[in-house]
Amino acid sequence: MHYLWRRSVSLIVTLLLVMMLTFIVFRIIPGNPALTILGMDADEHQIAALEAKLGTDKPLLEQFTEWMKGAATGNLGESLKFAQPVSELIWDRLPVTLSIAVLSMLMTAVIAVPLGIAAARARGKLLDLVISSLTQLSMAVPSFWMGILLVLLFGLILKLFPTSGYVPWSEDPLGALRSLFLPALAVSIPQIAVVVRYLRTTVIEQLELDYVRTGYSKGLRKSIVIYKHVLKNALIPVITVMGLLFADVLGGSLIVEQIYALPGMGRLLVSSIGARDFPLVQGLVLFTALIVIVINFTVDLLYRLLDPRISLK
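Counting 73 residues, the largest nonpolar core has Ile90, Leu150, Leu199, Tyr260, Leu284 and Leu286 as its most contacted members. Among the elements of the structure, α1 (2-28), α4 (60-72), α5 (86-121), α7 (143-157), α8 (173-207), α10 (222-259), α11 (265-274) and α12 (278-306) are those that each provide at least two residues to this core. Of all the elements, α5 adds the most residues to this core, at 15 residues. Not counting chain neighbours up to four residues away, the residues in contact with Leu150 comprise Gly155, Leu182, Leu185, Ala186 and Tyr260.

What follows is the structure, given as structure tokens:
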């Protein structure tokens, strides 16, 4: 309980620091935001009206206090481009981006774990060489290029999946899965490569420890030793890596949402930057940081479930 309390306090402090940095970064950008949005042809009255709407005409400390109060209550301001509350726009686009992230992490776990174990068991053999070569190639190919290749192969040649568009889960779960499968796969392939290589290394290290030899000496089958004992210990550092990769998944979704024309947070961020919609950009950055912080917090809690020996004091 004490550990949970400490981690919760750490989460809150981290979130406050992120909120503070987000506010500061958008305030130290050179130039007048209102003038940047309206352009050089805007007159003084237009600039003053937009400054009042953005709140940049107030003292900096007052701006920060009001923004913090609004963010704490879910009020991130109003989008200049869409004339809607920023929080509503984010919630509307969140299911798409979150679905891509969750599907890609599931693909990573389902594909990477068996491949990592297989490579470790076949250390130095042909299978290990093939898996290592494929993972090296997967890490070298950018997500946007992988997305284009998948569109070409599975969308245009084999015609198995749609090449663009999104079907909401509430309308057609199977259609939603088909529309998100290729984007999630494009994001997950580099992550699979990272996890396979990391898991291979940790499994090899575990196989050389005394408890493995003890298990074999007791007559346990090799599959039981690996999947019941070795894998459990090897997954502890891998869980940490997957938690860190979640941030990369969110970044990768920004690219694939453009390729597959998906109405997610990444595409919304790109359009808001192009429109110089500072309230929306600021809200999206903050919300994305919040997701990453919560994921890392969850990873910390998973340690105890994977290994009861880890102290939570």
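Don't stop here, the text continues.
The subject of this paragraph is helix α6 (residues 126-140). Along an α-helix, a turn takes 3.6 residues, which lines up residues three or four apart on a common side. For α6, built from 15 residues, the straight-helix expectation of 21 Å at 1.5 Å per residue is met to within 8% by its first-to-last C-alpha distance of 21 Å. If you check which residues of α6 are buried, you get Asp128, Ile131, Thr135 and Ser138. One side of α6 carries all its buried residues, which in axial view fall inside an arc of 95°. Exposed and facing more than 90 degrees away from the buried side of α6 are Leu126, Leu129, Leu137 and Ala140. Contacts made by the buried residues of α6 are with α5 and α8.

Here α10 spans only 45 Å end to end across 38 residues, well under the 56 Å set by a 1.5 Å rise per residue. The sharpest bend along α10 measures roughly 45° and falls at Leu231. Immediately downstream of α10, the backbone of Ala261 shows phi near 50°, a positive value.

Another point: a nonpolar patch on the surface. A cluster of nonpolar residues, Leu152, Leu153, Leu156, Ile157, Leu158 and Leu160, forms a patch on the protein surface that exposes about 550 Å² of accessible area. Along the chain, Ile157 turns up in helix α7. The class of Ile157 is exposed, set by a relative accessible area of 56%.

Under the counting rule described, the total for this entry stands at three aromatic pairs. Consider the rings of Trp91 and Phe287, whose centres lie 5.7 Å apart with planes at 75°: the pair is edge-to-face. Taken as a pair, Trp91 in helix α5 and Phe287 in helix α12 lie far apart in primary sequence, 196 residues in all. On the basis of relative accessible area, Trp91 is assigned to the exposed category, the value being 54%. On the numbers, 4.6 Å between centres and 15° between planes, the contact of Phe161 with Phe181 is stacked. Of the two residues, Phe161 sits in the loop between α7 and α8 while Phe181 sits in helix α8, which places them 20 residues apart along the sequence. Members of the aromatic cluster, joined through ring pairs, are Phe154, Phe161 and Phe181.

With that out of the way, let us pick up the packing of α7 against α8. Contact geometry of α7 with α8 gives a least axis separation of 9 Å together with a crossing angle of 135°. With respect to their mutual orientation, α7 and α8 come out oblique. For α7 against α8, the interelement crossing comes out right-handed. On α8, the residues that touch Ser143, Met146, Gly147, Leu150 and Phe154 of α7 are Leu182, Leu185, Ala186, Ile189 and Pro190. For the contact of α7 with α8, the class distribution of residues is eight nonpolar, two polar and no charged.

Moving on, we come to the pattern of salt bridges. Evaluation of the coordinates by the stated rule reveals three salt bridges. The shortest N-O distance in the salt bridge between Glu208 and Arg123 comes to 3.1 Å. With a gap of 85 residues between them, Glu208 in the loop between α8 and α9 (210-217) and Arg123 in the loop between α5 and α6 connect regions that are remote in the sequence. The partner of Asp210 in a salt bridge is Arg213, and the shortest N-O contact between them spans 2.3 Å. One end of the pair is Asp210 and the other is Arg213, both in helix α9 and three residues apart, which spans about a single turn. For Arg213, a relative accessible area of 47% puts it in the partly exposed group.

Phi at Lys159 is positive, roughly 55°, even though this residue is not glycine. With respect to the element layout, Lys159 can be found in the loop between α7 and α8. On the basis of relative accessible area, Lys159 is assigned to the exposed category, the value being 63%. Its identity as a non-glycine residue notwithstanding, Ala261 has a phi of 50°, on the positive side. Topologically, Ala261 is positioned in the loop between α10 and α11. With a relative accessible area of 29%, Ala261 lands in the partly exposed category.

Within the secondary structure, Gln282 sits in helix α12. Not counting chain neighbours up to four residues away, the residues in contact with Gln282 comprise Thr22, Phe26, Arg27 and Trp67.

Cut-off values and rules
Residues numbered from 1 in each chain as written. Predicted model: local features only at pLDDT ≥ 70, side-chain atom pairs only at ≥ 80, totals over all residues. Heavy atoms only, no water. Core = buried A, V, L, I, M, F, W, Y, C linked by side-chain atoms within 4.5 Å. Buried < 20%, exposed > 50% of the residue type's maximum accessible area, 1.4 Å probe, protein only. Helix = DSSP H or I, 4+ residues; strand = E, 2+ residues; numbered from the N terminus. Contact = heavy atoms within 4.5 Å. Expected span 1.5 Å × (residues − 1). Arc of directions from axis to C-beta. Bend = angle between axes of the 7 residues up to and from the residue. Patch = residues over 30% accessible without salt bridge, like charges linked within 9 Å, V, L, I, M, F, W, Y side chains within 5 Å. Areas by Shrake-Rupley, 256 points an atom, 1.4 Å probe, with all protein chains shown as cover. Salt bridge = Lys/Arg side-chain N within 4 Å of Asp/Glu carboxyl O. Phe/Tyr/Trp six-rings, centres within 6.5 Å; stacked < 30°, edge-to-face > 60°. Axes fitted to C-alpha atoms, helices over the stretch in contact; angles between N-to-C directions. Parallel < 35°, antiparallel > 145°, perpendicular 65-115°, else oblique. Left-handed = near helix turned anticlockwise from the far one by under 90°. Nonpolar A, V, L, I, M, F, W, Y, C, P; charged D, E, K, R; others polar.

Coordinates in, geometry out; function isn't part of it.
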